[in-house]
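Topology and contacts: notes
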Amino acid sequence: MTQPVLDISNLCVNYQTPKGTVQALRHIHLQVPPAKVVGLVGESGCGKSTLISAVIRLMAENAHVAAGKIRFMGLDMQGFSASELRGIRGRDISMVFQDPMTALNPVLTIGRQMVDIQYRDGLSRKKKRERAARMLERVGISDGLSRLDNYPHQFSGGMRQRITIAMALLVQPKLLIADEPTTALDATLEVQIIRLLKDLQTDFQCAILFISHHLNVIAELCDYVGVMYAGELVEKGTVRDIFHRPGHPYTRSLLECDPSVIEEPTRFLPTIPGDIPSLIDLPKGCIFQDRCAHVMTVCRKTPPPAVHLGDHHTAACHFLEE
Amino acid sequence: MLFYLLKRVGLAVVIVVVAVVLLYSMIHVVPGDPASVILGPRATPEMKQELHKLMGLDRPFVVQVVSFLGKVARGDLGMDFFSQRPVAEIVFKQLDETLVLVLASITWAMLLGIPLGCYSAVFRNTFSDKLVGVFSIGVIAVPSFVVALYSLLFFAVTLQWLPAIGAGESGQLLDQARHLILPAFAIGLGWVGYIARLVRASMLEVLNENHIRRARAFGLPETTIVFHYALKLAILPTVTLLGTGIGRLISSAVFAEIVFARPGIGKLIFDSVVSRNYPLVMGAVVVSTVLFVLSTTISDSINAMLDPRVRERL
């Protein structure tokens, strides 16, 4: 197998809070192969955003990496100094954020912001503007050169997300991290943005780590999927594995709860009963025990092993066999 | 931007007219006949009537207001009945001194306060941030006349480094500058703390915003982020504060002016109120009102220059 762009092994992240230590991420193993799209799916609060903050090392002040390694292109990012990290951000790794309405600086023109991120390239301002304008046109904003002089509030939400995508790709990254880029947009725009991303990914051949809680979006865009629950990666595999042969009970309930797969008219949307366990006071054994329909004594005693179900397919559950 | 300026200046003119009308009516609603004040208790009714005619007080109120407004627009603020000199001349003579003092005070306060605020925000919750915090609250709490008195005692009397009173020989810039240091220090010191606190608070807010996180995720240098991306937003509340602040200072620099015996608008208003010199009070108040409106107009325009969203509002 070729060297993954991003290789996360045994990553643990804790938050120090007045109530105690929140173990937000526990023993995460995840690889992003070159030029592939890896999706991360899970409920709010499952640690998706903490994971990407840890990858780009822009974590909250009370967070710290307790264990594990993050390798980018084979290099251990833990050993990077602040300036080495800055050298990677916005050149090898770039990001698209969740809320396009607040992701752009409101008092600077988008041209200024798009030129600034090219500060490492020794091009003239004019050249940088031209590149920015071409990229705007590439993401579907016509008349790019003159729109560069507009301010963010002069664009709609969907347009702004196109702009942030243009910015992220302008630096020609090896890895693009997209943190729920369509959550703040309405459904029609969501489809457009996903198509655009897919299109651009084929063109630019960058790897994408795509965070979402929309299963449809994941299925449409990704090659591989990781399912997160309460700070653990409970199952990972190809899109086909996850959507057609889900192993973990949580993945299965998640798929059942997707409104688009409901066939008969119903007055109640299916939900997973129960709440996410406290991440300060973790239960012994399986993290999903309290909400699992198949829970047994062993689940309450020992943490489940990672069971290999296929080439890329693993799930952490006592009831699965290789 | 030009459109914004036109609208904003139009608004300013309306505000000035309303303010002047209110001021004029206020003076006339206040009991007491200016003529009896000017002429003293032994004046005969005929003398008072004569003076009324001279001052235009025998005409209907509306006519008086309109004619006063017309005069103000032409720069004529009436006559001072004590010294028999035009009010405008007296006021404008004092105005330069006040403006220089106020601008000098605010400028040094800004030059120190803004970097202090940025520093505090970037190194938040460190020892030096807390030190800046204690300093800021301290200087805000001390009234400017106390600073004025003690700095005068220390620097002018004990050390004899700087002159104690007056505004310096006119025409001699160095001498005038030396006379400016202590009063500007006294007025500006509190503002340093004020500005530092305000900049720190708004800077902290801005540094937590999403677009700053995005700028960091693109690896922009920290100095670019703080001084170009964050400060341009974080400075907006301070610009607004300074707009009203400078306006207010024009009439409230009076403490420092009295302590250091400097001429100035504040001292002029104080003196003319004490001597019941109504035309002079009116003239000085009108001028400081106009300056107040002018300084808020300028600060709003600076805000509009910095923030495109403001330009399109109003």
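The shown structure was predicted, so the numbers you read here are calculated from the model rather than taken from an experiment.

1. Here we look at the overall build of chain A
In terms of regular secondary structure, chain A is built from eleven helices and twelve strands. Taking 322 residues into account, the globule formula puts the C-alpha radius of gyration at 20 Å, and chain A, at 21 Å, falls close to it. Taken along the three principal axes of its C-alpha coordinates, chain A extends 70 × 50 × 45 Å. Each of the 322 residues in chain A was classed as buried or not, and the buried ones make up 52%. Approximately 14700 Å² of chain A is accessible, and the part contributed by carbon and sulfur atoms is 51%. The distance from the centre of the 35 positive side-chain charges to the centre of the 34 negative ones in chain A is 7 Å.

2. Some remarks on the interface of chain B and chain A
Listed by partner, the interface residues are 21 residues for chain B and 31 residues for chain A. Here chain B packs against chain A, burying approximately 2400 Å² in sum over the two surfaces, 58% of which is carbon and sulfur. In terms of surface lost to chain A, no three residues of chain B exceed B:Arg213, B:Arg214 and B:Phe218, which account for 29% of the buried area on that side. Remark: the boundary between chain B and chain A carries one salt bridge. Notably, a salt bridge pairs B:Arg124 with A:Glu61, separated by 2.7 Å at the nearest N-O pair. Applying the counting rule to chain B against chain A returns 13 residue pairs in polar contact (both at pLDDT 80 or more). Secondary structure elements with two or more residues in the side of chain B that touches chain A: helix H9 (210–217), helix H10 (222–234) and helix H15 (308–312) of chain B. Residue contributions to the side of chain B that touches chain A peak at six residues, all from H9(B). For the side of chain B that touches chain A, the per-class residue count stands at eight nonpolar, four polar and nine charged.

3. Concerning the confidence of the model for chain B
Overall, the prediction assigns chain B a mean pLDDT of 86, with 98% of residues at 70 or greater. By mean pLDDT, helix H2 (residues 34–39) of chain B is the weakest element of chain B at 71, and helix H6 (residues 127–141) of chain B is the strongest at 93.

4. Brief notes about the pattern of salt bridges
Opposite charge on two side chains permits pairing when their charged atoms draw close. All names here are of chain A. Evaluation of the coordinates by the stated rule reveals 20 salt bridges over all chains. Two residues, Arg 245 and Asp 241, come together in a salt bridge whose shortest N-O distance is 2.7 Å. Classification of Arg 245 as partly exposed rests on a relative accessible area of 48%.

5. Examining a nonpolar patch on the surface
All names here are of chain B. On the surface, a cluster of nonpolar side chains totalling about 920 Å² of accessible area is made up of Phe 145, Leu 149, Tyr 150, Leu 153, Phe 154, Val 157, Leu 159, Trp 161 and Phe 255. At six residues, helix H7 (residues 144–158) tops the list of elements feeding residues into the nonpolar patch. One can find Phe 154 in helix H7. With relative accessibility at 44%, the residue Phe 154 sits in the partly exposed group.

The rules behind these values
- Residues numbered from 1 in each chain as written.
- Chains lettered and ligands numbered in written order.
- Predicted model: local features only at pLDDT ≥ 70, side-chain atom pairs only at ≥ 80, totals over all residues.
- Heavy atoms only, no water.
- Helix = DSSP H or I, 4+ residues; strand = E, 2+ residues; numbered from the N terminus.
- Rg over C-alpha atoms; globule rule 2.2 N^0.38 Å.
- Buried < 20%, exposed > 50% of the residue type's maximum accessible area, 1.4 Å probe, protein only.
- Areas by Shrake-Rupley, 256 points an atom, 1.4 Å probe, with all protein chains shown as cover.
- Lys, Arg positive; Asp, Glu negative; His and termini not counted.
- Charge placed at Lys NZ, Arg CZ, Asp CG, Glu CD.
- Contact = heavy atoms within 4.5 Å.
- Buried area = accessible area lost by both parts, 1.4 Å probe.
- Salt bridge = Lys/Arg side-chain N within 4 Å of Asp/Glu carboxyl O.
- Polar contact = N/O pair within 3.5 Å; in protein donor to acceptor, adjacent residues only side chain to side chain.
- Nonpolar A, V, L, I, M, F, W, Y, C, P; charged D, E, K, R; others polar.
- pLDDT = per-residue confidence, 0-100.
- Patch = residues over 30% accessible without salt bridge, like charges linked within 9 Å, V, L, I, M, F, W, Y side chains within 5 Å.

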